[in-house]
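One letter stands for each residue in the lines below.
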Amino acid sequence: MTIREAIGEVDRLRKNTYAQKDKISWLSRLDLRVKHKVLDTHQGNPAADFAGYNEKTELDTQLLVPAPYDEMYLRYLEAQMEYYDQQEDRYNNAIDLFDSIWDDFVKWYNRNHMPLGQKLKF
């Protein structure tokens, strides 16, 4: 999924007034979390140089999480909008869906990628 696809899909599914730059910032924070908590802990990190997205980032840039786990981007954007709209129940539903997809992604990544070894300390 690309930045454009994620924003377009969430805008189609949920009417909102949030600026594109806000949505790009939220996607950036999420992918930085993916990088630091998941990709950086395994060998062959495909995003070792990733430093986030900004308004100048091409909208056709591929996000870090592959299908079928890329739905997490939609749920995360949705959760952010509900949070800032102060819709607590709707936020809780969206973040629960996000957390479920996040957990599935992390489990899949851990099963399919070799973790970095730890140095023994004496």
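The structure this text deals with has already been given above.
Residues numbered from 1 in each chain as written. Predicted model: local features only at pLDDT ≥ 70, side-chain atom pairs only at ≥ 80, totals over all residues. Heavy atoms only, no water.

(A) Fine view of the side chain of T57. Looking at where T57 falls in the secondary structure, it is placed in the loop between α2 (20-37) and α3 (71-84). Given the relative accessible area of 18%, T57 is considered buried. Among the polar contacts listed, one links the side chain of T57 to the backbone nitrogen of N54, at a separation of 2.9 Å. (Helix = DSSP H or I, 4+ residues; strand = E, 2+ residues; numbered from the N terminus. Buried < 20%, exposed > 50% of the residue type's maximum accessible area, 1.4 Å probe, protein only. Polar contact = N/O pair within 3.5 Å; in protein donor to acceptor, adjacent residues only side chain to side chain.)

(B) Focus on the environment of H113. Locating H113 in the fold gives a position in the segment after α4 (88-112). Along the backbone, H113 and N45 are 68 residues apart, and their C-alpha atoms lie at a distance of 9.3 Å. Not counting residues up to four positions away in its chain, the partners in contact with H113 are H42 and W108. (Contact = heavy atoms within 4.5 Å.)

(C) Layout of the nonpolar core. Ranked by size, the top nonpolar core spans 35 residues in total, and within it L27, M72, Y73 and F105 carry the most contacts. Of all the secondary structure elements, the ones that give two or more residues to this core are α1 (3-13), α2, α3 and α4. By residue number, the principal contributor to this core is α4, which donates 8 residues. In contact with L27, not counting residues within four places along its chain, are I3, A6, I7, Y53, L63, Y73 and L77. (Core = buried A, V, L, I, M, F, W, Y, C linked by side-chain atoms within 4.5 Å.)

(D) Representation of α1 within the structure. Burial in α1 covers these residues: I3, A6, I7 and V10. The buried side chains of α1 occupy one side of the element, clustering within an arc of 90 degrees when seen end-on. Here the buried face of α1 lies against α2 and α3. (Arc of directions from axis to C-beta.)

(E) View of the packing of aromatic side chains. Counting across every chain of the model gives 13 aromatic pairs. Centroid distance Y69 to F105: 6.1 Å. Interplanar angle 55 degrees. Geometry classified as tilted. Of this pair, Y69 sits in the loop between α2 and α3 while F105 sits in helix α4; the two residues are 36 residues apart in sequence, bridging distant segments of the chain. Of the residues examined, Y69 reaches a relative accessible area of 15% and is grouped as buried. Seen from the ring of W102, R33 lies directly overhead, with NZ or CZ sitting 4.4 Å from the centre. (Phe/Tyr/Trp six-rings, centres within 6.5 Å; stacked < 30°, edge-to-face > 60°. Lys NZ or Arg CZ within 6 Å of the ring centre and 35° of its normal.)

(F) Region of the structure containing a negative patch on the surface. A cluster of acidic side chains, namely D96, D99, D103 and D104, defines a negative patch on the protein surface. Relative to the elements of secondary structure, D104 occurs in helix α4. (Patch = residues over 30% accessible without salt bridge, like charges linked within 9 Å, V, L, I, M, F, W, Y side chains within 5 Å. Areas by Shrake-Rupley, 256 points an atom, 1.4 Å probe, with all protein chains shown as cover. Salt bridge = Lys/Arg side-chain N within 4 Å of Asp/Glu carboxyl O. Lys, Arg positive; Asp, Glu negative; His and termini not counted. Charge placed at Lys NZ, Arg CZ, Asp CG, Glu CD.)

(G) Quick look at the pattern of salt bridges. Using the criterion set out here, one finds 9 salt bridges in the structure. The partner of D60 in a salt bridge is R4, and the shortest N-O contact between them spans 2.9 Å. Placement of D60 in the loop between α2 and α3 and of R4 in helix α1 is noted, with a sequence separation of 56 residues between them. Note that E78 and R75 form a salt bridge whose closest N and O atoms lie 3.2 Å from each other. Here R75 and E78 lie together in helix α3, a separation of 3 residues that amounts to about one turn. Assigned by exposure class, E78 and R75 land together as buried.

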